[in-house]
Amino acid sequence: MDKISCFFKKHKKLSIFFSFVLILLLGYKLGSINRKSHHHSKIPIDENAVSISPSPVDLKDQKIKIPAVEKIYFDSSKDIQDVSFVNPPENICSFVITLKLPNKEVIYQSAQIPPNMAIYKITLDKRLEKGKYKDSIITYHCYAPDGTKMNSAEFLVDIVVR
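Conventions we followed
- Residues numbered from 1 in each chain as written.
- Predicted model: local features only at pLDDT ≥ 70, side-chain atom pairs only at ≥ 80, totals over all residues.
- Heavy atoms only, no water.
- Buried < 20%, exposed > 50% of the residue type's maximum accessible area, 1.4 Å probe, protein only.
- Helix = DSSP H or I, 4+ residues; strand = E, 2+ residues; numbered from the N terminus.
- Pairing = 2+ DSSP bridges.
- Axes fitted to C-alpha atoms, helices over the stretch in contact; angles between N-to-C directions.
- Core = buried A, V, L, I, M, F, W, Y, C linked by side-chain atoms within 4.5 Å.
- Contact = heavy atoms within 4.5 Å.
- Salt bridge = Lys/Arg side-chain N within 4 Å of Asp/Glu carboxyl O.

**Student:** For the pairing of strand β4 (residues 94-100), give the residues involved together with the corresponding values.
**Tutor:** The buried fraction of β4 is high, at seven of seven residues. The alternating pattern of β4 places Ser94, Val96, Thr98 and Lys100 and Phe95, Ile97 and Leu99 on opposite faces, both of which are buried. Strand direction decides the pairing type here: β4 and strand β5 (residues 106-109), joined by three bridges, are antiparallel. Residue pairing for β5: threonine 98 is matched across the bridge by glutamine 109. Between β4 and the antiparallel strand that follows it, β5, lie five residues; lysine 104 among them carries a positive phi value of about 80°.

**Student:** Outline the sheet that holds strand β1 (residues 50-51), listing residues and values.
**Tutor:** Pairing in this open sheet of three strands is antiparallel, and the strands run β1-β6-β3 from one edge to the other. Only two strands of the sheet have a single partner each, and these edge strands are β1 and β3 (80-87).

**Student:** Please set out the sheet that holds strand β7 (residues 131-143) residue by residue, giving values where relevant.
**Tutor:** In any sheet, the strands associate via hydrogen bonds between backbone groups, in a parallel or an antiparallel arrangement. One open sheet holds the five strands; their spatial order is β2-β8-β7-β4-β5, and the pairing between them is mixed. At either end of the open sheet lies a strand with only one pairing partner, and these are β2 (71-74) and β5. Taking the axes of each pair of neighbouring strands and ignoring which way they run, one obtains an average angle of 30° across the sheet. Taken together, the 10 bridges between β7 and strand β8 (residues 149-161) define a ladder with antiparallel strand orientation. Each bridged residue has a counterpart across the sheet, and for serine 136 the counterpart in β8 is valine 157.

**Student:** Can you break down the nonpolar core residue by residue, with the values?
**Tutor:** Residues Phe74, Phe85, Leu99, Ile122 and Leu128 are the most contacted members of the largest nonpolar core, which totals 25 residues. Considering each element in turn, this core owes the most residues, four residues, to β7. Leave out the neighbours within four places in its chain, and phenylalanine 74 touches Gln81, Asp82, Val83, Leu99, Ile122, Leu124, Leu128, Ile159, Val160, Val161 and Arg162.

**Student:** Give a description of the pattern of salt bridges that names residues and reports values.
**Tutor:** Counted according to the given criterion, the structure contains three salt bridges. A salt bridge links lysine 121 to aspartate 82; its shortest N-O distance comes to 2.4 Å. With lysine 121 in strand β6 (residues 117-123) and aspartate 82 in strand β3, this residue pair connects regions lying 39 residues apart in the sequence. Among the residues examined, lysine 121 registers a relative accessible area of 46% and is labelled partly exposed. Taking relative accessible area as the criterion, aspartate 82 reaches 44% and is therefore assigned partly exposed.

Set out below in structure tokens:
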């Protein structure tokens, strides 16, 4: 121990420099951990989301309400499709909605849909052939107001392309 303390006494400037570098590295590491934990808070609000109700919300019942969708109809001749992806005003979380074909291929994913907003027009990632895509999957990813991922719910949905 005497050799170490003797070294630091002799090389005071060098000791201060290494202490400063160690503090900088520690601060950088802590900052990068903090940035990673808030990564999902950067999900933008979907530009197609529109307000659905001006009424105030009672937050006493904080269960997440997910609208049921059994069938979705698309027009094979159009790029922009009509849908009704609604986030009820009673919810405290935002939705990110993903549509997958039965083979698990993602054909659409929204940005955030805040409570009390809905999306009525979407553009699919690919044009679908006419037919019925039975047992496709719609997933509702839920995010808290601070951007933290909460949970997800998946439902089977039939996509009909005319």
